[in-house]
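Breakdown of the fold
The lines below spell out each chain.
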Amino acid sequence: MTTIDHRADDTITDELLACFPRSFLWGAATAAYQIEGGVDQGGRGPSIWDTFAHQPGRIENGDTGDVACNHFELWEHDVELMSTLGLNAYRLSLSWSRLQPLGVGPLNSEGVSFYRRLLEALRTAGVRPFVTLYHWDLPQALEDRGGWPERDTALLFAEYVSRVIAALGDLADDWITLNEPWCAAFIGYWEGRHAPGRQDLPAAVAAGHHLNVAHGLATQAIRAQRPNLSVGASNLITDLIPASDSQQDHAATVRMDLNNNQFFLAPVLTGAYPDAMFDLYREQGLEALVQPGDEVLIGQPTDFVGINHYQQIVVSHDPTDPHLHASGSPAEPATTSLGWSVRPESLSRVLLRVAHDYTSLPLYVTENGACFDDHIDPLGRVMDLERVSYLSRYIAATAHAIGEGVNVQGYFAWSLLDNFEWAEGFGKRFGLVHVDFATQRRIPKESARWYRETIGQHARAVG
């Protein structure tokens, strides 16, 4: 068992932790392509991220997820780490291309075996799994058929989900259909910074709508087989504020909010796209993409809302932007090693907004965290006190939202492990646990010790 024995200042009080429900989930999150490795093991097929990462110039330093954290082989050790950290929940994703290498047909038995063993070990360890069915790793064979801009991909996703629930649905109660579909659609198909690396705005809009349809179809597929399972989606919700009181900056903020937040949040939670969404995407044909019954399908009842939150963005009118006529920059202070803002009140604002404007469903912070330039000191420790401060302040912001009446039931730190951070490669570290990617040695950071202590402190505070 790995030990964590060094200390840092703890700014979380018993009074604050007493705000959290006794059953509150304290977890960490990962994604399959970012940690698993084993890309050509166990019958796995290539995903769009395998293809994208091997294209020169796409990823910092030419990194790929071929090995990543080698979780495919080291998963037992990683479950042990979760126990060491005192986690009572863990959010993982299933690799579609490991379970269904071509995106069609029966599941790969070796992939099913891998995930069954992992989920069984989590249950034995007392760690509640939240299973994400899609975290951006579309099988390459489906991208070759057109990818998410094609409606057929949503239909095939539903078939995949049905097979997954039949094979694994007895081992987890909580299922997340999609992770951050905005990133999959707009960063993948419009900005081109993520896989599959296309730059086609109509394709991105089509991908976005079909991801929404995929959520609805997947929810139906889960309900059909196991109606007692808990189902939701995790969306990236950014706190957007206008740069000034000018009408132009306010209008730009509204447009960016429609694009970044409401495109996925609104139809899932209200059963309809806002009218302004159709105006924003008229030239890209959104109205023609929405078939009769789609909005009802997308907005069918779910059981919880997953919220991923990282930044507060200051939005300005920008006539040079080709679509939104808006540009954004991180609110000050921008102090993470990615230049992202550290504004804990933005998490409170996001939680309050979703609860007040959209739903009374339980909310889970399914991702929140920061990357810093961590290093191993001469004593072999990773004293990431900046991350300790970050987590302390954002957990306090979560408590503030709960105090305002928001039904928050869990918090998942991003991430359990330093990992393959998408286009940034291995240079940006978000983990509670340091990973030496050359040796695969894991070193729990000071933030891991602090998080474990906070989890234990909460248990004592609520009795």
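Residues numbered from 1 in each chain as written. Predicted model: local features only at pLDDT ≥ 70, side-chain atom pairs only at ≥ 80, totals over all residues. Heavy atoms only, no water.

1. Quick word on the overall build of the protein
A count of helical and extended segments in the protein gives 17 helices and 13 strands. Expected size for 463 residues packed as a compact globule is a radius of gyration near 23 Å; at 21 Å, the protein falls within 12% of this value. Structurally, the protein occupies a C-alpha span of about 60 × 55 × 45 Å along its principal axes. Here the protein holds 463 residues, and 62% of them are scored as buried. Of all intrachain contacts in the protein linking residues separated by at least 6 positions in sequence, the fraction that spans at least 24 positions is 77%. Here the protein displays about 16,800 Å² of accessible surface, and carbon together with sulfur accounts for 49% of that area. Once the 33 positive and 58 negative side-chain charges of the protein are each reduced to a mean point, those two points are 5 Å apart. (Helix = DSSP H or I, 4+ residues; strand = E, 2+ residues; numbered from the N terminus. Rg over C-alpha atoms; globule rule 2.2 N^0.38 Å. Buried < 20%, exposed > 50% of the residue type's maximum accessible area, 1.4 Å probe, protein only. Contact = heavy atoms within 4.5 Å. Areas by Shrake-Rupley, 256 points an atom, 1.4 Å probe, with all protein chains shown as cover. Lys, Arg positive; Asp, Glu negative; His and termini not counted. Charge placed at Lys NZ, Arg CZ, Asp CG, Glu CD.)

2. Regarding the sheet that holds strand β9 (residues 326-330)
The mixed open sheet is built from three strands, whose spatial order is β6-β8-β9. Because the sheet does not close on itself, it has two edges, and the strands there are β6 (239-242) and β9. Strand-to-strand, the axes of this sheet are offset by a mean angle of 35°, without reference to chain direction. Inspection of the sheet shows strand β8 (residues 312-317) paired to β9 by five bridges, in the antiparallel sense. (Pairing = 2+ DSSP bridges. Axes fitted to C-alpha atoms, helices over the stretch in contact; angles between N-to-C directions.)

3. A word on the sheet that holds strand β10 (residues 363-368)
The strand order around the closed barrel formed by eight strands is β1-β2-β3-β4-β5-β7-β10-β11, and the pairing between neighbours is parallel. When strand polarity is set aside, the average angle formed by the axes of neighbouring strands in this sheet is 25°. Here strand β5 (residues 230-236) pairs with strand β7 (residues 305-308) via three bridges, running parallel. Paired with Asn235 across the strands is Ile307, a residue of β7. Against the sheet, helix α17 (residues 446-461) contacts β1 (25-29) and β11 (408-414), and its axis sits at roughly 160° relative to β1.

4. Structural notes on the pattern of salt bridges
All told, the structure shown has 24 salt bridges when counted by the stated rule. Between Arg44 and Asp50 there is a salt bridge; the shortest N-O distance is 2.8 Å. Pair check on accessibility: Arg44 and Asp50 agree, each one buried. When the shortest N-O distance is used, the salt bridge between Asp418 and Arg429 registers 2.6 Å. Residue Asp418 is found in the loop between β11 and β12 (433-436), and its partner Arg429 is found in the loop between β11 and β12; the two are separated by eleven residues along the sequence. One exposure class covers both Asp418 and Arg429, and it is buried. (Salt bridge = Lys/Arg side-chain N within 4 Å of Asp/Glu carboxyl O.)

5. Quick notes on helix α4 (residues 71-85)
Its 15 residues give α4 an end-to-end C-alpha distance of only 17 Å, which falls more than 12% under 21 Å, the value for a rise of 1.5 Å per residue. By the largest-angle criterion, His77 marks the main kink of α4, which is about 40°. Positioned one or two residues after α4, Gly86 has a phi angle of 80°, which is positive. (Expected span 1.5 Å × (residues − 1). Bend = angle between axes of the 7 residues up to and from the residue.)

6. With respect to the packing of aromatic side chains
Counted under the stated rule, the structure contains 38 aromatic pairs. Seen in terms of ring centroids, Tyr134 and Phe157 are 6.2 Å apart; in terms of plane orientation they differ by 80°. Their pairing is edge-to-face. Taken together, the residues Tyr134 in the loop between β3 (128-132) and α7 (140-143) and Phe157 in helix α8 (residues 151-168) connect sequence positions 23 residues apart. Accessibility expressed as a relative area gives 2% for Tyr134, which makes it buried. (Phe/Tyr/Trp six-rings, centres within 6.5 Å; stacked < 30°, edge-to-face > 60°.)

7. What to know about the nonpolar core
In this structure, Leu94, Trp148, Phe157 and Trp175 are the most contacted members of the largest nonpolar core, which totals 157 residues. Here the element with the most residues in this core is helix α10 (residues 201-225); it accounts for twelve residues. Beyond its immediate sequence surroundings of up to four residues, Leu94 is in contact with Ala32, Leu99, Tyr115, Val131, Thr132, Leu133, Asp137, Tyr160, Val164, Leu168 and Trp175. (Core = buried A, V, L, I, M, F, W, Y, C linked by side-chain atoms within 4.5 Å.)

8. Some words on the state of the cysteines
In the structure shown here, the tally under the stated rule is zero disulfides. Considering cysteine sulfurs only, Cys371 is the nearest to Cys69, which forms no disulfide, with 15 Å between them. The buried category is assigned to Cys69, whose relative accessible area is 0%. Here Cys371 is not disulfide-linked; the sulfur of Cys183 is the nearest cysteine sulfur, at 15 Å. You can call Cys371 buried: its relative accessible area is 0%. (Disulfide = S-S within 2.5 Å.)

9. Here we look at the environment of Ala184
As for its position among the elements, Ala184 is in helix α9 (residues 181-191). On the basis of relative accessibility, which here comes to 8%, the residue Ala184 falls in the buried class. Separated by 24 residues in sequence, Ala184 and Gly208 have C-alpha atoms that sit 7.9 Å apart. Apart from the residues lying within four places of it in its own chain, the contact partners of Ala184 are Tyr134, Trp136, Tyr189 and Leu211.

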